[in-house]
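In case you want the letters, here they are:
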Amino acid sequence: MKSFLAAFFALVVCAAAQPKFNVLHIVSDDLNTSLGCYGHAQVKSPHIDKLAASGVRFEKAYCQFPLCNPSRASFMTGMRPGSTKVYENSTHFRQALPEVLSIPQTFSKAGAFSARVGKLYHYGVPTQIGTSGLDDEPSWQQVVNPIGHDKKVEDQIHTLTPGQFGGTLSWFNDPSEEPQTDAVGAAEAIKLLEAKKDGPFYLAVGFYRPHTPYVAPKKYFEQYPIEKIQLPTGPMKDAPGIPTQAYASYKKEQDQLTDPMRKEILQAYFASTTFMDDQVGEVVSAVERLGLREKTVIVFHSDHGYHLGDHGLWQKQSLWENSAHVPLIISVPGNANNGQACPRTVELIDLHATLADVCGLPAPVSDGASLKPLLDNPQAVWERPAFTQVTRGGISGTGKGQGKKVKGKGSIGVSVRTEQFRYTEWDEGRQGATLFDLPNDPQESKDLVKDPAHAETISKMKAMLSGLKK
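A quick note: this is a predicted structure, and the numbers were derived from the prediction, not measured.

Caption draft 1: View of the overall build of the protein chain. If you tally the helices and strands in the protein chain, you get twelve helices and 18 strands. By the compact-globule yardstick of 23 Å for 470 residues, the protein chain fits well, its C-alpha radius of gyration being 22 Å. The principal-axis extent of the C-alpha atoms belonging to the protein chain is close to 80 × 55 × 45 Å. Looking at the protein chain as a whole, 61% of its 470 residues are labelled buried. Excluding contacts between residues fewer than 6 apart, the proportion of contacts in the protein chain whose partners are at least 24 apart in sequence is 73%. Between the mean site of the 49 positive side-chain charges and the mean site of the 50 negative ones, the protein chain shows a separation of 4 Å.

Caption draft 2: Representation of the confidence of the model for the protein chain. With 93% of its residues at a pLDDT of at least 70, the protein chain reaches an overall mean of 93. Across residues 395-408, where pLDDT falls below 50, the model places 33 contacts with residues more than four positions away in sequence or in other chains.

Caption draft 3: Focus on the packing of aromatic side chains. Throughout the structure, instances matching the rule amount to 13 aromatic pairs. Plain terms: the ring middles of phenylalanine 107 and tyrosine 202 are 5.5 Å apart, the flat faces sit at 25° to each other, and that makes the pair stacked. Of this pair, phenylalanine 107 sits in helix H5 (residues 103-109) while tyrosine 202 is found in strand S7 (residues 201-207), placing the two residues 95 residues apart along the sequence. Here phenylalanine 107 falls in the buried class, since its relative accessible area comes to 0%. Three or more aromatic residues joined by ring pairs make a cluster, and in this case those are Phe93, Phe107, Tyr121, Trp140 and Tyr202. Above the face of the tyrosine 38 ring, arginine 57 is positioned so that its terminal group lies 4.8 Å from the ring centre. In this structure, lysine 196 is placed above the aromatic ring of phenylalanine 113, and the distance from its NZ or CZ to the ring centre is 4.4 Å.

Caption draft 4: Up close: empty space enclosed by the protein. All told, the structure shown has three cavities of 30 Å³ or more when counted by the stated rule. If you add up the space inside the largest cavity, you get close to 60 Å³. Where the lining of the largest cavity is concerned, the elements lending two or more residues are strand S17 (421-426) and strand S18 (433-437). Here the lining of the largest cavity gets three residues from one element, more than from any other, and that element is S17. Residue composition of the lining of the largest cavity, by class: six nonpolar, two polar and two charged.

Caption draft 5: Spotlight on the nonpolar core. Counting residues in each nonpolar core, the largest one holds 55 residues, and the members touching the most others are Leu203 and Phe300. Broken down by element, this core gets its largest block of residues, 14 residues, from helix H8 (residues 259-289). Residues within four places of leucine 203 in sequence aside, it is in contact with Val23, Leu24, His25, Ala115, Val117, Ala189, Leu192 and Leu193. The next biggest cluster of nonpolar side chains, apart from the first, holds 45 residues, and it includes Ala112, Ile330, Leu348 and Ala369.

Caption draft 6: The sheet that holds S17, seen in detail. Read across the sheet, four strands follow the order S15-S16-S17-S18 without closing on themselves; strand pairing throughout is antiparallel. Two strands bound the open sheet, and with one partner strand each, they are strand S15 (386-392) and S18. Mean inter-strand twist for the sheet, computed between neighbouring axes without regard to direction, equals 15°. Pairing geometry for S15 and strand S16 (residues 411-417), over seven bridges, is antiparallel. Each bridged residue has a counterpart across the sheet, and for threonine 388 the counterpart in S16 is serine 415. Packing of helix H12 (residues 455-466) onto the sheet brings it into contact with S15, S16, S17 and S18, and relative to S17 it is tilted by some 60°.

Caption draft 7: Examining the sheet that holds strand S5 (residues 158-159) more closely. The strand order across the open sheet built from three strands is S5-S6-S8, with neighbouring strands paired in mixed fashion. This sheet does not close on itself; its edge strands, each paired only once, are S5 and strand S8 (214-217). Pairing of strand S6 (residues 170-174) with S8, which is carried by four bridges, proceeds in the parallel orientation. Paired with phenylalanine 172 across the two strands is valine 215, which belongs to S8.

Caption draft 8: Main features of the layout of surface pockets. There is about 870 Å³ of room inside the largest pocket. Contributions of two or more residues to the lining of the largest pocket are made by H8 and helix H9 (321-324). Class assignment of the residues belonging to the lining of the largest pocket gives a composition of twelve nonpolar, 13 polar and six charged.

Caption draft 9: Here's a closer look at the pattern of salt bridges. For the structure on display, the rule yields 25 salt bridges. Of the charged contacts, one joins glutamate 59 and arginine 57 as a salt bridge, the two residues approaching to 3.7 Å between their closest N and O atoms. Glutamate 59 sits in the partly exposed class, given a relative accessible area of 29%. By relative accessible area, which is 15% here, arginine 57 ends up buried. Notably, a salt bridge pairs glutamate 321 with arginine 417, separated by 3.1 Å at the nearest N-O pair. With glutamate 321 in helix H9 and arginine 417 in strand S16, this pair connects stretches of sequence that are 96 residues apart. A relative accessible area of 4% means that arginine 417 is categorised as buried.

Conventions we followed
- Residues numbered from 1 in each chain as written.
- Predicted model: local features only at pLDDT ≥ 70, side-chain atom pairs only at ≥ 80, totals over all residues.
- Heavy atoms only, no water.
- Helix = DSSP H or I, 4+ residues; strand = E, 2+ residues; numbered from the N terminus.
- Rg over C-alpha atoms; globule rule 2.2 N^0.38 Å.
- Buried < 20%, exposed > 50% of the residue type's maximum accessible area, 1.4 Å probe, protein only.
- Contact = heavy atoms within 4.5 Å.
- Lys, Arg positive; Asp, Glu negative; His and termini not counted.
- Charge placed at Lys NZ, Arg CZ, Asp CG, Glu CD.
- pLDDT = per-residue confidence, 0-100.
- Phe/Tyr/Trp six-rings, centres within 6.5 Å; stacked < 30°, edge-to-face > 60°.
- Lys NZ or Arg CZ within 6 Å of the ring centre and 35° of its normal.
- 1 Å grid on protein atoms, 1.4 Å probe; cavity = no way out; pocket = protein on both sides within 12 Å on 5 of 7 lines; lining within 4 Å.
- Points joined across faces, edges and corners; volume = space filled by probe spheres on them.
- Nonpolar A, V, L, I, M, F, W, Y, C, P; charged D, E, K, R; others polar.
- Core = buried A, V, L, I, M, F, W, Y, C linked by side-chain atoms within 4.5 Å.
- Pairing = 2+ DSSP bridges.
- Axes fitted to C-alpha atoms, helices over the stretch in contact; angles between N-to-C directions.
- Salt bridge = Lys/Arg side-chain N within 4 Å of Asp/Glu carboxyl O.

This is the structure we're talking about:
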């Protein structure tokens, strides 16, 4: 009798510890907020828009480091770069945090099946497509590394730097109908959903597009006629009075760009985004077809923001708004606020605590905070700002030799974003600082850092930065 009661009690405890919901966690690579649901006038993203209409869309969500490995190590653990000690694309977060739990580990501990398809932690695109790259083996019970037709056409890709595709601007209008890597990944994710539909599960799906090279099937390019592509306006590189470090992510090969080339690049980026959007639609449709929609939290976001010629910059690794700002949608079954937008300032490190909270799991050790209060009331009072940082010097950028440590960590640029302002310091202000009023100056054209009227604001934002572990 005692053994029966012990077994029964163990079953009850196990059942109580299981997640309340399954989780489908979708991450796009190098995607900014150029999406229909974020108000972009040209980009077609019907499936992500539909997901936003069935979830809470966060208008002001930010990455903690605008580079793949640091950002992904950060949001997959809920720890800031100052905790993970990851500042480039070669260091693994477990060197500094060997015992930290990742999001999938939190779910695995609760009895969920945890798997990934594609890129969740860092690996080089496109060189490491089809491999596990800098993955975290303890995070997963199963992994799938898709590889598609885009890997076969690299000799046809137009690139600003011969022989390089991932760290430099590169693009290709693919006439083939063979499935590309993200389409293969979507199909593999659907197979896992079908196999594990009885749950509970945490399935992470990492899409590669629109990361360079911007490769997509021809039909997606056709949706964006060159003559209708609009180039960015506003202040460009080396604007008077702006610290030199603010433009240090600029790459010399971009000197060769002409306006017709810029339009081709934007066309390719938009085409890649719409192609990726279709793959999101395939996976979410499978969730609905399998009767899992009311049992599954769906999260969609990117790893960091991205420049498309604004400020004269392309790609990432700056502390301007478009480099730090990310799309973030969280759809929780039965949430009465689904379809609303949340204007509060949030961070990607908040995801770990949020998913544990909404799924009824113990709070993980995390530098972030649960966003459940904002899911329950998107207009709720929220006092937390968002922090983003980059390094300058001491660590090489992306491309050839990416992640190579040169000497030390180099100087750090740190930015804090409130609902109204972005304040940035370079080397604790010794190499300059900037302040922008984003609601009134969305193009960041007027630096207010020397305006006496904003002295109190600067003092408050400096105080916010002073307590940040860098």
